[in-house]
Every structure is written in structure tokens, then in C-alpha cells.
Amino acid sequence: MFQRRFFHALASASRFKIADNVKKTIINGGPVVALESTIISHGMPYPQNVETARSVEAIVRDQGAVPATIAILDGHVHIGLEPEQLDRLGKLGHQAIKTSRRDLAVVLGQRRSGATTVASTMILARAAGIPVFVTGGIGGVHRGAEQTFDISADLTELGRTSVAVVCAGVKSILDIGKTLEVLETQGVTVATLGPSRRFPAFYTPESDFDSPNHVPDIQTAASMIAANHDLGLGSGMVFAVPIPSQDAANSKAIQDAIDTALAEAKSQGIHGKEETPFLLKRVSELTLGSSLEANIALVKNNAKMGGQLAVALAKLKL
Ligand code: PSU
Ligand code: MN
């Protein structure tokens, strides 16, 4: 029943619109899973984005948890979207403002609509009292960051906001080794969930890096979240779930597409918040959709794990 403790006074402010079933479940200490919206607007094309978002919600429900997709619509923070709202966001695509921590005040203050990244979804989930969040991949340290300083705000957010993020690791459009280093600096607990000791590479089950921790089962992961909260660490956690091997993409084809996309981004001068969406789109185009298929499959698998994790956590009586 500890979500009740977790519930933040902030979420009762008039800027928040929390869906009735989500609110009821949070107040009763039941299982809720937060879902981000940049993956919908900027991470996948329409209509696959909306179809995926809907099936992800259904999978979370099948595990016995309540899904809460988070986005900003007309200046309000929505925790839990109606089907029409999800559709609107999916159709908006890149017209929705990609909203990370620094953008929240801008989008809300100007009463605009925005899709939340991992960083801002964590902030809003924390405010609403939702300790578990499912996504595809988190942002990380971009390749060449020693020159550009491009390090996703997701990593610093993970250092300061105690939400557990279930993902498939980070894409190799990023520098996976440097991403793990920054997560360590930020004090983020990182663990691969499942039998492997490797940190996953999003489209493929294993990167070249060992995961700092390895958790064999959901129950243990739930106990780790409870320990994080009990100690009041205030920092986030990453549970990395490798893509199931039958869904994994062809590693060579993906790597070639990533190399081409990175070269294009460089020659076209694409940087800052535009870079990640550009790379995701180009990799999908260059692999003729096979990366998108893998992406959809892994998000669904994460939703299954995340739903079960939220259920296990809600059952822990603290
Ligand atoms: N990685 C993916 N898919 C995504 C994103 C990252 O595989 O959709 C999105 C997430 O919303 C993440 C954001 O929080 O991109 C990171 O963007 P940036 O690198 O600009 O911080
Ligand atoms: Mn960036």
C-alpha cells in the first residue's frame, strides 16, 4: 500500500487531469504503470504509433495493472489518456512539442500540447504517485559527446527522481558504454532483468557491456524498488529487459543503418533535441521497417514485464 505514501501533493493541483481509474488505483495502493508519449509522437510513425500505444495499454491491463499514458494537452498534464486523446497525439506526430524537463514550464505556461520524454514522464509519474514506468529505450550519451556534450536529460533525471524505468536498454545510435558510466555517476541502479548478465542493446538482446547488476525475477526487482523508496534515495532505477531473441533485428543490418543515419545527421547539421527523432526515423526507413517491427515487439514485451512488476510491488506490504 505504499503508493499512497508516494502520492505527491503536487498532483492534486489544477494543472493535473488524472483519469478516474488511474486516480482510484493510486489512492488504493493498486498497480499502475506510467507510459511516455514522445515514443508515440516522435518515436514511431502514424498509425503504428497509436496501434502500439493501444496494445501496450492492453498488455499492461492483461497483467492486472492500470496503464497511465502521460502527455500534456492544451496546457494540462494528463495522467491516463482517453482513446481520442491518444489518437490526437499520434496524428500530431512531430507537431507535438517534445517535452523534456526544461520544456515543461514552457509548454504548460503557454497552454500548449506536448509529448513527454522519459525525463519529464518520470517527473510527472513521481508527482502522481506512480513508481513504475515502461518505455522502449531511454535517452543516453550520444556518440561524440566528448565534443558535443550531447547527453540526454533522461540520465540526470534518473539520478534525481525515484521512478523505476523498464526499458530494452539504449539504442546503439548512442554510446552504450558512456551511457552506463553516466548512469553510475548519477547513482542510478541499473539491472538487467532476466537470465542474461549483459546490458541489452535495444534491437538486439546483448550489447558488448556487462550490466552492473542482474535480477533473475520480477519479485526481486520489486523488492529492490521497495528498498530504494525505504531508504529515500530519491534516485531512479533502470530495469533493462532484453528484446526476446525471436523478435531481435538483424544486428549487421541495424548497425549499417545506424552508421548511415549518424553520418547523415552529421552532414545535415542535425543536433540537440532533433537528433534522436531523426536517427529513429532514418534507421526505420533504412531497414525498410524491420527496426520498427523490433521496436514494437520490445515495447510490448517491456509492457508485460512492467505490468507484472507493478503488480508485485503493489502486493508488497510495507
Ligand atoms: N529512444 C528510443 N525511442 C524513443 C526515445 C528514445 O529508442 O522514442 C525518446 C524518449 O522519449 C527519450 C527521448 O526520453 O527520445 C530522448 O531524447 P533526447 O536524446 O533528446 O534526450
Ligand atoms: Mn540530446
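It should be noted that the structure appears before, not after, this text.
Residues numbered from 1 in each chain as written. Chains lettered and ligands numbered in written order. Predicted model: local features only at pLDDT ≥ 70, side-chain atom pairs only at ≥ 80, totals over all residues. Heavy atoms only, no water.

### Quick notes on unusual backbone geometry
Peptide bonds are mostly trans, and most non-glycine residues show a negative phi.
Then, in step 1: In this structure, the amide linkage connecting Y46 to the following residue, P47, adopts the cis form with an omega of 5°.
Then, in step 2: Within the secondary structure, P47 sits in the loop between α3 (38-41) and α4 (48-62).
Then, in step 3: Within the chain, F149 stands out as a residue other than glycine whose phi angle is a positive 65°.
Then, in step 4: Within the secondary structure layout, F149 lies in the loop between α8 (145-148) and α9 (153-160).
Then, in step 5: Relative accessible area serves as the criterion here: at 68%, F149 is assigned to the exposed category.
Then, in step 6: In this structure, F202 is a non-glycine residue whose phi angle is positive, near 70°.
Then, in step 7: Along the chain, F202 falls in the loop between β9 (189-193) and β10 (214-215). (Helix = DSSP H or I, 4+ residues; strand = E, 2+ residues; numbered from the N terminus. Buried < 20%, exposed > 50% of the residue type's maximum accessible area, 1.4 Å probe, protein only.)

### A closer look at the site of ligand 1
Then, in step 1: Close contacts around ligand 1 come from 15 residues, with E36, K98, S152, D154 and K171 the closest.
Then, in step 2: One of the backbone nitrogen or oxygen atoms of V118 is found 2.8 Å away from an oxygen atom of ligand 1.
Then, in step 3: One of the side-chain nitrogen or oxygen atoms of D154 is found 2.7 Å away from an oxygen atom of ligand 1.
Then, in step 4: Computed on the free molecule, ligand 1 has an accessible area of 480 Å², of which 93% lies beneath the protein chains in the complex.
Then, in step 5: The pocket occupied by ligand 1, as judged from atoms lying within 2 Å of grid points, is the largest pocket.
Then, in step 6: Secondary structure elements with two or more residues in the shell around ligand 1: α3 and α13 (275-286).
Then, in step 7: Tallied by class, residues from the shell around ligand 1 come to four nonpolar, seven polar and four charged. (Near = heavy atom within 4 Å. Polar contact = N/O pair within 3.5 Å; in protein donor to acceptor, adjacent residues only side chain to side chain. Areas by Shrake-Rupley, 256 points an atom, 1.4 Å probe, with all protein chains shown as cover. 1 Å grid on protein atoms, 1.4 Å probe; cavity = no way out; pocket = protein on both sides within 12 Å on 5 of 7 lines; lining within 4 Å. Sits in = over half its atoms within 2 Å of the grid points. Nonpolar A, V, L, I, M, F, W, Y, C, P; charged D, E, K, R; others polar.)

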